[in-house]
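# Descriptive structure summary
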Amino acid sequence: MANSLEEIIKKRKERLAQTFRDLPAICGEEMLNFTFENFEKEGWQGETFQEWPKRKNPTKWGKEDDTGRKLLQKTLKLKRSIRISKLRENEVSIVAGGADIPYAKAHNEGFEGKVTQNVGEHTRKTKTGDKINVSAFARTINQKIKKRKYIGTPEESVKLKERLMKICVEEVRKTLKP
């Protein structure tokens, strides 16, 4: 009897240790899902839901097809760039962007400042219909990108913290069940 009880305790300890090793990856996946939900809901789920600011009138300067499109989802490059960057025993980090997506931080945190734009060589039509070649040039503009938070920490979002706690408790309970 004592031998079998010791074996049961040993097996449970091993299963619990394995669960604790697996938890960071499980929590990381949940954080990714939470971030993708922010894209779907077009807002940040903090203590209260904070809807992202709408875009300016796209028909004034952009294409007509921009009117019905979701925010931050024209090419989906930003959304696809979201990944787990750090997965350690007691730490999980989610990041977005990279060398090809430098605007990720600006959208998540907001940005206001001067930016230099390099405009390539192109042709332009005049009012009379004539085509004019325009040489490449650089211009400096004042840019303001509104904050549209999509990635954050459990400390910034009560909802994310609750979801992570719920998952951790469920995993431990599953492990401890006979």
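Just above, that's the structure.
Thresholds applied
- Residues numbered from 1 in each chain as written.
- Predicted model: local features only at pLDDT ≥ 70, side-chain atom pairs only at ≥ 80, totals over all residues.
- Heavy atoms only, no water.
- Helix = DSSP H or I, 4+ residues; strand = E, 2+ residues; numbered from the N terminus.
- Rg over C-alpha atoms; globule rule 2.2 N^0.38 Å.
- Buried < 20%, exposed > 50% of the residue type's maximum accessible area, 1.4 Å probe, protein only.
- Contact = heavy atoms within 4.5 Å.
- Areas by Shrake-Rupley, 256 points an atom, 1.4 Å probe, with all protein chains shown as cover.
- Lys, Arg positive; Asp, Glu negative; His and termini not counted.
- Charge placed at Lys NZ, Arg CZ, Asp CG, Glu CD.
- Phe/Tyr/Trp six-rings, centres within 6.5 Å; stacked < 30°, edge-to-face > 60°.
- Lys NZ or Arg CZ within 6 Å of the ring centre and 35° of its normal.
- Core = buried A, V, L, I, M, F, W, Y, C linked by side-chain atoms within 4.5 Å.
- Disulfide = S-S within 2.5 Å.
- Pairing = 2+ DSSP bridges.

## Brief notes about the overall build of the chain
Looking only at helices and strands, the chain features 5 helices and 8 strands. Going from the N terminus to the C terminus, the chain shows its helices and strands as α-β-β-α-α-β-β-α-β-β-β-β-α. Radius of gyration (C-alpha) of the chain: 25 Å, far over the 16 Å computed for a compact globule of 178 residues. Burial analysis of the chain (178 residues in total) assigns 29% to the buried set. The contacts of the chain with a sequence gap of at least 6 include a subset with a gap of at least 24, amounting to 61%. As displayed, the chain has an accessible area near 13,000 Å², and 52% of this comes from carbon and sulfur atoms. A gap of 5 Å separates the mean positions of the 40 positive and 26 negative side-chain charges of the chain.

## Looking at the environment of Trp44
Relative to the assigned elements, Trp44 resides in strand 1 (residues 43-45). The class of Trp44 is buried, set by a relative accessible area of 3%. Put simply, Trp44 and Lys10 are 34 residues apart on the chain and 44 Å apart in space, counted from C-alpha to C-alpha. Those residues in contact with Trp44, other than ones at most four positions away along the chain, are Phe34, Asn38, Phe49, Gln50, Trp52, Lys149, Tyr150, Ile151, Gly152, Glu156 and Ser157.

## Overview of the packing of aromatic side chains
Counted by the stated rule, this structure contains 3 aromatic pairs. Here Phe39 and Trp52 contribute two aromatic rings whose centre-to-centre distance is 5.7 Å and whose plane-to-plane angle is 90 degrees, an arrangement assigned as edge-to-face. One end of the pair, Phe39, is in helix 1 (residues 2-41); the other, Trp52, is in the loop between strand 2 (49-51) and helix 2 (58-61), and 13 residues separate them in sequence. Residue Trp52 is classed as buried on the basis of its relative accessible area of 3%. Between the aromatic rings of Phe39 and Tyr150, the centroid separation amounts to 5.1 Å while the plane-to-plane angle is 50 degrees, which identifies the pairing as tilted. With Phe39 in helix 1 and Tyr150 in the loop between strand 8 (137-145) and helix 5 (158-176), this residue pair connects regions lying 111 residues apart in the sequence. Of the two residues, Phe39 and Tyr150, both sit in the buried class. Following the ring pairs from residue to residue traces out a cluster consisting of Phe39, Trp52 and Tyr150. Here Lys149 stacks its cationic end above the ring of Trp44, 5.3 Å away from the centre of that ring.

## Observations concerning the nonpolar core
With 18 residues, the main nonpolar core has Phe39, Trp52, Leu72, Leu78, Ile82, Ile94 and Tyr150 as its most contacted residues. Of all the secondary-structure elements, those providing two or more residues to this core are helix 1 and helix 5. Element by element, the count of residues in this core is highest for helix 1, at 5 residues. For Tyr150, the residues in contact, after removing those within four places along its chain, are Thr35, Asn38, Phe39, Trp44, Trp52, Leu72, Leu78, Ile82, Ala96, Ala104, His107 and Asn108.

## Here we look at the environment of Glu14
Structurally, Glu14 can be placed in helix 1. The class of Glu14 is partly exposed, set by a relative accessible area of 46%. Residues Glu14 and Thr175 lie 161 residues apart in sequence; the distance between their C-alpha atoms is 9.8 Å.

## With respect to the state of the cysteines
Under the definition given, this model contains 0 disulfides. This cysteine, Cys27, is not joined by any disulfide, and Cys168 carries the nearest cysteine sulfur, 3.6 Å off. Residue classification places Cys168 among the partly exposed residues on the basis of a relative accessible area of 21%.

## With respect to the pairing of strand 4 (residues 91-95)
Side-chain direction in a regular strand flips from residue to residue, so the side chains alternate between the two faces of the sheet. Where strand 3 (residues 83-88) lies against strand 4, 5 bridges are found, and the strand directions are antiparallel. By the bridge assignment, Ile84 is partnered in strand 4 with Ile94.

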